[in-house]
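Summary of the model geometry
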Amino acid sequence: MKKQNLILAFESSCDETSVAVVADGHQILSNVIATQINSHKRFGGVVPEVASRHHIEQITICIESALEEANVTYDDLDAVAVTYGPGLVGALLVGVNAAKVVAYAHHLPLIPVNHMAGHIYAARFVKPFEFPLMALLVSGGHTELVYMQADGQFEIIGETRDDAAGEAYDKIGRVLGVSYPAGKEIDQMAHAGIDTFNFPRAMIDEDNFDFSFSGLKSAFINTVHHADQIGATLDKNDLAASFQASVVDVLVSKTHRVLEQYPVKQLVLAGGVAANQGLRERLQKDLPTAFPNTELLLAPLKLCGDNGAMIGAAGYVQYQHHQFGDASLNADPSLEFDWMPGMVK
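About the thresholds
- All chains use their own residue numbering, which begins from 1 and follows the written sequence.
- Given that the model is predicted, a residue must reach a pLDDT of at least 70 before its local features are reported, and side-chain atom pairs must reach 80 or more before they are shown or counted; all residues, however, enter totals for whole chains, interfaces and linings.
- Excluding hydrogens and water, the side-chain values take into account all heavy atoms of the structure.
- The secondary structure listing takes helices from DSSP runs of H or I that are at least 4 residues long and strands from runs of E that are at least 2 residues long, numbered from the N terminus.
- Expected span of a helix: the number of residues minus one, times 1.5 Å.
- Classification of residues uses two cut-offs on accessible area relative to the type maximum, computed with a 1.4 Å probe and protein chains only: under 20% is buried, over 50% is exposed, and between them is partly exposed.
- Either an automatic procedure or a domain database provided the assignment from which the domain bounds are taken.
- Any pair of residues with heavy atoms lying within 4.5 Å of one another is described as a contacting pair.
- Take the accessible area each of two parts loses on contact, using a 1.4 Å probe, and add the two losses: that sum is the buried area.
- Salt bridge, as used here, is a side-chain nitrogen of Lys or Arg placed within 4 Å of a carboxyl oxygen of Asp or Glu.
- For this analysis, a polar contact is any N or O atom pair within 3.5 Å, provided that within protein one partner can donate a hydrogen and the other can accept it, and provided that sequence-adjacent residues contribute only side-chain to side-chain pairs.
- Residue polarity is assigned by list, with Asp, Glu, Lys and Arg as charged and Ala, Val, Leu, Ile, Met, Phe, Trp, Tyr, Cys and Pro as nonpolar; anything else, Gly included, falls into the polar class.
- Nine residue types can take part in a nonpolar core, namely buried Ala, Val, Leu, Ile, Met, Phe, Trp, Tyr and Cys, and a core is a set of them joined through side-chain atoms within 4.5 Å.
- A pair of strands is treated as paired once DSSP finds two or more bridges between them.
- Note on geometry: axes are C-alpha line fits, over the in-contact stretch for helices, and angles between N-to-C directions span 0 to 180 degrees.

In this section: helix H8 (residues 236-261). Helix length check: H8 (26 residues) gives 38 Å between terminal C-alpha atoms against 38 Å at 1.5 Å per residue, within 8%. Counting buried positions along H8 yields 19 of 26 residues, so the element is predominantly enclosed.

This is how it looks when you write it as structure tokens:
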């Protein structure tokens with residue numbers, strides 16, 4: 001029986017400390033996640049210094065738990081993978097340095113992984129990728145359409161020009177009195193409301209694949225503030241439904257447009273906002289009719305947020321191509337999508 005390749009994977013780019021053991025890039029043996037949501041909730045968002053301190057407190061505990069849960073030791077591992085960007089620099093440094101120490105101490109290759117690539121590869125746990133594919137990547141900091149002709153090849157076809165979709169959810173959540181992170185609760189409220197406000201669908205008719213959510217956020221806030229000034233009461237569920245309808249309409253419309261120009265075998269929905277039921281339901285409803293030859297791959301709900309398993313899946317691709325980092329690896333908070341190191345263009 002062929003030995004499995006085991007990767008110990010680290011994720012610490014924002015407010016989740018996670019360490020996972022992944023076999024052959026598609027089997028999760030453990031995926032330990034220490035969340036910091038309660039610490040940041042009172043601030044209405046992530047405080048970088050607080051996040052970094054929590055990562056320092058949790059990282060060794062997560063390593064021990066991941067190894068124990070997977071029933072493996074350091075001697076069983078084949079490589080160490082780690083998110084090195086994009087993200088909060090202090091938070092990233094905790095994971096990067098922990099991974100470097102483990103790799104050095106146990107003579108293991110070190111794999112530097114782009115956090116956004118990790119989100120896409122979360123869908124790899126559903127089934128193998130078939131290329132070419134398109135990824136709709138929607139998170140708190142990014143909204144992108146990414147074209148992949150093969151493993152490790154990323155081409156951004158469209159992206160947000162201002163706020164990311166997840167960022168807009170959190171900002172309007174404050175106006176509605178919804179605690180951070182607001183996405184899940186607004187999604188639930190939207191299902192109980194009706195789209196009565198008809199908020200703008202920015203750039204929906206423009207002949208490109210880019211997004212913009214800043215105008216929608218402003219229209220939402222102005223509507224609520226105006227109602228407060230004249231003493232009117234607005235239905236919060238209808239506000240949430242109207243906001244979400246605009247976001248989903250734009251995301252789905254742009255995705256349809258890009259699929260018309262880029263025929264692909266699979267469409268991957270990934271990122272934190274990929275957990276949004278309104279978006280998932282809409283794509284499941286529309287895609288089979290509009291693009292019957294394109295298979296929809298939804299990242300598992302439990303892997304839409306930040307986690308080590310997705311880093312292990314993405315890192316395995318680089319492991320196969322022997323693309324490793326060394327002791328000079330540093331955090332890159334502004335890291336952009338590029339071809340994985342060493343991949344042939």
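Along its sequence, the protein chain is carved into domain 1 (6-121 + 304-337) and domain 2 (130-298). For domain 1 and domain 2, the distance between their C-alpha centres works out to 27 Å. Listed per partner, the contact involves 16 residues of domain 1 and 22 residues of domain 2. Across the interface of domain 1 and domain 2, roughly 1,500 Å² is buried in total on both sides, 74% from carbon and sulfur atoms. Taken together, the connections running from domain 1 to domain 2 amount to 0 salt bridges. For the pair domain 1 and domain 2, the number of links is 4 residue pairs in polar contact (both at pLDDT 80 or more). Looking at the side of domain 1 that touches domain 2, the elements that each hand over two or more residues are helix H1 (37-41) and helix H4 (115-121). Among the elements that line the side of domain 1 that touches domain 2, the one with the most residues is H4, at 5 residues. Of the residues assigned to the side of domain 1 that touches domain 2, the class counts are 10 nonpolar, 4 polar and 2 charged.

Here we take up the environment of Ile56. Structurally, the position occupied by Ile56 is in helix H2 (residues 48-70). Each C-alpha atom of the pair Ile56 and Gly95 lies 8.7 Å from the other, and the pair is 39 residues apart in sequence.

So, on to the nonpolar core. Core analysis: the largest hydrophobic core is formed by 83 residues, its most contacted members being Ile120, Met134 and Phe213. Ranked by residue count, the leading element in this core is H8, at 11 residues. Two domains each donate at least three residues to this core, and these are domain 1 (6-121 + 304-337) and domain 2 (130-298). Apart from the residues within four sequence positions on either side, Met134 is in contact with Leu145, Val146, Tyr147, Ile157, Val258, Leu259, Tyr262, Val264, Gln266, Leu267 and Val268. Within the second largest apolar cluster, 29 residues are counted, among which are Leu6, Ile63, Ala70 and Val96.

Attention now moves to the sheet that holds strand S1 (residues 6-11). Pairing is mixed across the open sheet formed by 5 strands, whose spatial order is S3-S2-S1-S4-S5. Strand pairing shows two members of the sheet lacking a second neighbour, strand S3 (27-35) and strand S5 (110-114), which therefore form its edges. Taking the axes of each pair of neighbouring strands and ignoring which way they run, one obtains an average angle of 20° across the sheet. As paired elements, S1 and strand S4 (residues 79-85) share 4 bridges and run parallel to each other. Pairing of Phe10 across the sheet is with Val82, part of S4.

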